[in-house]
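Spelled out, the chains give:
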Amino acid sequence: MRTLKRTAPQSGKDLTLSIDIKLQEMIEKQFGERRGSLVAIDPQTGGILALVSKPGFDPNLFVDGIDPVSWNELNTSIDKPLLNRAIRGEYPPGSTYKPFMAMAALEQNLPLVHQTISDPGYFIYGGHRFNDSKKGGYGSMSFDRSIALSSDTYFYQLAVQMGIDNIAKFMGTLDFGRPTGVDLPGERPGILPSPEWKKSRFKNPAQQKWYSGETVSIGIGQGYNAFTPMQMAHATATLANRGLAFRPHVVATLTDPRSGAKTLVEPKPSKPWTGNPPILNVLSVVWKA
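Worth saying up front: this structure is predicted, and the values here are computed from it rather than measured.

**Let's talk about the overall build of the chain**
So, step 1. Helix and strand counts for the chain stand at 12 helices and 11 strands.
So, step 2. Expressed as a percentage of contacts within the chain between residues at least 6 apart in sequence, the contacts between residues at least 24 apart total 69%.
So, step 3. Here the chain carries 32 positive and 25 negative side-chain charges, and the mean point of each set is 4 Å from the other.

**So, the layout of surface pockets**
So, step 1. A volume near 420 Å³ is recorded for the largest pocket.
So, step 2. Lining the largest pocket are 17 residues, with Q24, L51, V52, S53 and N84 positioned closest to its centre.
So, step 3. Of all the secondary-structure elements, those providing two or more residues to the lining of the largest pocket are α1 (21-31) and β3 (48-54).
So, step 4. Looking at which element gives the most residues to the lining of the largest pocket, the answer is β3, with 4 residues.
So, step 5. If you add up the space inside the second largest pocket, you get close to 170 Å³.
So, step 6. Taken together, Y91, P92, P93, T96, F227, T228, P229, M232 and T236 form the lining of the second largest pocket.
So, step 7. Partitioned by chemical class, the residues of the lining of the second largest pocket number 6 nonpolar, 3 polar and no charged.

**Topic: the side chain of R85**
So, step 1. Of note, R85 is situated in helix α3 (residues 85-88).
So, step 2. No salt bridge is formed by the buried R85; the nearest opposite charge belongs to D79, separated by 5.8 Å.
So, step 3. Within the structure, the side chain of R85 is placed 3.2 Å from the backbone oxygen of K54, a separation counted as a polar contact.

**Here we look at the packing of helix α4 (residues 98-107) against helix α11 (residues 229-240)**
So, step 1. Axis separation between α4 and α11 bottoms out at 11 Å; the angle between their running directions is 50°. Considering their axes alone, α4 and α11 lie oblique with respect to each other. The way α4 lies across α11 gives a crossing that is left-handed. Residues P99, F100 and M103 of α4 lie in contact with α11, whose contacting residues are M232, A235, T236 and L239.
So, step 2. Looking at side-chain class alone, the contact of α4 with α11 contains 6 nonpolar, 1 polar and no charged residues.

**Overview of the environment of L184**
So, step 1. In this structure, L184 sits in the loop between α7 (164-172) and α8 (195-201).
So, step 2. Leave out the neighbours within four places in its chain, and L184 touches L51, I87 and V250.

**A look at the packing of α4 against α7**
So, step 1. Where α4 contacts α7, the axes come no closer than 10 Å and their chain directions differ by 105°. Classified by the angle their axes make, α4 and α7 are roughly perpendicular. The segment α4 lies against α7, with F100, M101, M103, A104 and E107 engaging I167, F170 and M171.
So, step 2. Taken together, the residues that form the contact of α4 with α7 break down as 7 nonpolar, no polar and 1 charged.

**With respect to the pattern of salt bridges**
When the charged atoms of two side chains lie near each other, side chains of opposite charge can form a pair.
So, step 1. The final tally for this structure, using the stated rule, is 7 salt bridges.
So, step 2. Here K198 ties to E214 by a salt bridge, and the two come within 2.7 Å at their closest N and O atoms. Separated by 16 residues along the polypeptide, K198 in helix α8 and E214 in helix α10 (residues 212-218) bring together distant segments of the chain.
So, step 3. Here R258 ties to D256 by a salt bridge, and the two come within 3.9 Å at their closest N and O atoms.

**Considerations on the nonpolar core**
So, step 1. Membership of the largest hydrophobic core comes to 38 residues, with the highest contact counts inside it found for Y97, F100, M171 and F176.
So, step 2. Only α4, α5 (143-149), α6 (152-162), α7, α10 and α11 provide two or more residues apiece to this core.
So, step 3. Ranked by residues supplied to this core, first place goes to α4 with 7 residues.
So, step 4. When sequence neighbours within four positions are dropped, the list of residues in contact with F176 reads Y97, F100, M171, L192, F227, Q231, M232 and A235.
So, step 5. Of all hydrophobic cores here, the second largest spans 12 residues; its members include L51, V182, A233 and V250.

**Things to note about the sheet that holds strand β9 (residues 251-255)**
Either a parallel or an antiparallel arrangement is found when strands of a sheet pair, and the pairing is made through backbone hydrogen bonds.
So, step 1. Spatially, β1-β9-β10 is the arrangement adopted by the 3 strands of the open sheet, whose pairing is antiparallel. Unpaired on one side and paired on the other, β1 (14-17) and β10 (262-264) mark the two borders of the sheet. Looking at each pair of strands side by side, their axes are set apart by 25° on average, direction ignored.
So, step 2. As paired strands, β9 and β10 are joined by 3 bridges and run antiparallel to one another. Bridging from a neighbouring strand, T253 pairs with L264 of β10.

So, how was this worked out
Counting starts from 1 at the beginning of each chain's written sequence and moves along it residue by residue. Whole-chain, interface and lining totals are the exception, using all residues; otherwise, since this is a predicted model, local features are given only for residues with pLDDT of at least 70 and side-chain atom pairs are given and counted only at 80 or more. As a rule here, side-chain values cover all heavy atoms of the structure and leave hydrogens and water aside. Here a strand is any run of E in DSSP of at least two residues, a helix any run of H or I of at least four, and the numbering for each starts at the N terminus. Whether two residues are in contact is decided by their heavy atoms, any of which lying within 4.5 Å being enough. Counted as positive: Lys and Arg. Counted as negative: Asp and Glu. His and the chain ends are not counted at all. Throughout, a charge is located at the NZ atom of Lys, the CZ atom of Arg, the CG atom of Asp or the CD atom of Glu. Grid points spaced at 1 Å and placed over the protein atoms alone form the basis of the search, with a cavity being a set where a 1.4 Å probe fits but cannot get out and a pocket an open set showing protein on both sides within 12 Å along at least five of seven lines. Lining residues have an atom within 4 Å of a point. Grid points are joined across faces, edges and corners, and a volume is the space filled by probe spheres set on the points. Note on residue classes: Ala, Val, Leu, Ile, Met, Phe, Trp, Tyr, Cys and Pro are nonpolar, Asp, Glu, Lys and Arg are charged, and everything else, Gly too, is polar. Buried, partly exposed and exposed residues are distinguished by accessible area as a fraction of the type maximum, computed with a 1.4 Å probe on protein chains only: under 20%, between the cut-offs, and over 50%, respectively. A side-chain nitrogen of Lys or Arg and a carboxyl oxygen of Asp or Glu constitute a salt bridge if their distance falls within 4 Å. In protein, a polar contact requires one atom able to donate a hydrogen and another able to accept it; more generally it is a pair of N or O atoms within 3.5 Å, and residues adjacent in sequence count only if both atoms are side-chain atoms. For helices, the fitted line uses only the C-alpha atoms of the stretch in contact; every axis is such a line through C-alpha atoms, and the angle between N-to-C directions lies from 0 to 180 degrees. We call two directions roughly parallel when the angle between them is under 35 degrees, roughly antiparallel when it is over 145, roughly perpendicular when it lies between 65 and 115, and oblique otherwise. Working rule for handedness: look at the near helix, and if it is turned counterclockwise from the far one by less than a right angle, call the crossing left-handed; if clockwise, right-handed. Among buried residues, the Ala, Val, Leu, Ile, Met, Phe, Trp, Tyr and Cys ones that are joined through side-chain atoms within 4.5 Å form a nonpolar core. The pairing criterion for strands is at least two bridges between them, as found by DSSP.

Below is the structure:
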């Protein structure tokens, strides 16, 4: 064997991250070794201030080639340390989904937004009882009170009145069900349920039909809903920034090691929100109240 050509290695560009190290360290300390994830985003730039996926692993194991024993331990661990939960873990969002349901209800001017209902602690639909997280319910429930107290019963009814097609259409405007475009590899798209999604998801024709009762749990972030922590943080940042969405990113600047020239990673709007901006002002007033 002979060497035909040799190319000298060159240093790549140095990266400066948007991570707030004190915030990152504080969050990691609070997590300990419990399983979970957290993403914190600056709404005005899309810069990621903290990104935690726990439990993690020691990357130094891979520097000189990981040994078989360590590799096997990482792959067989029940804690799945190799899984980046922030961008690959897909979970039901639960009550964190309710603010976006409220946005959709305001956008579509649903009758329920202007009504007060009775919350007995459950909702009967199609002969099935959907329980509220609070036994006995919250009593008289208006739109703003339902958000403040996180009434499941109210949002069950909101989902039924809105319908799955309208829910899916609105949530798509907030990038649910698709990658956010964060500058990290391997991001999962999550699951934004709809009749079309269910047809493509299941092979058995009997399972492909969307039943109206399945819409009920969608309203409280359960059912088929499954999103990554990155998607939830991105949508929340969009809401906080009055509808202007920026692509999430962890790289803040690039520095050329030879010339020293620095390139700032400019905030990049992912796309303008197509909803009605005044809705965000109404929702902001409701939360403050």
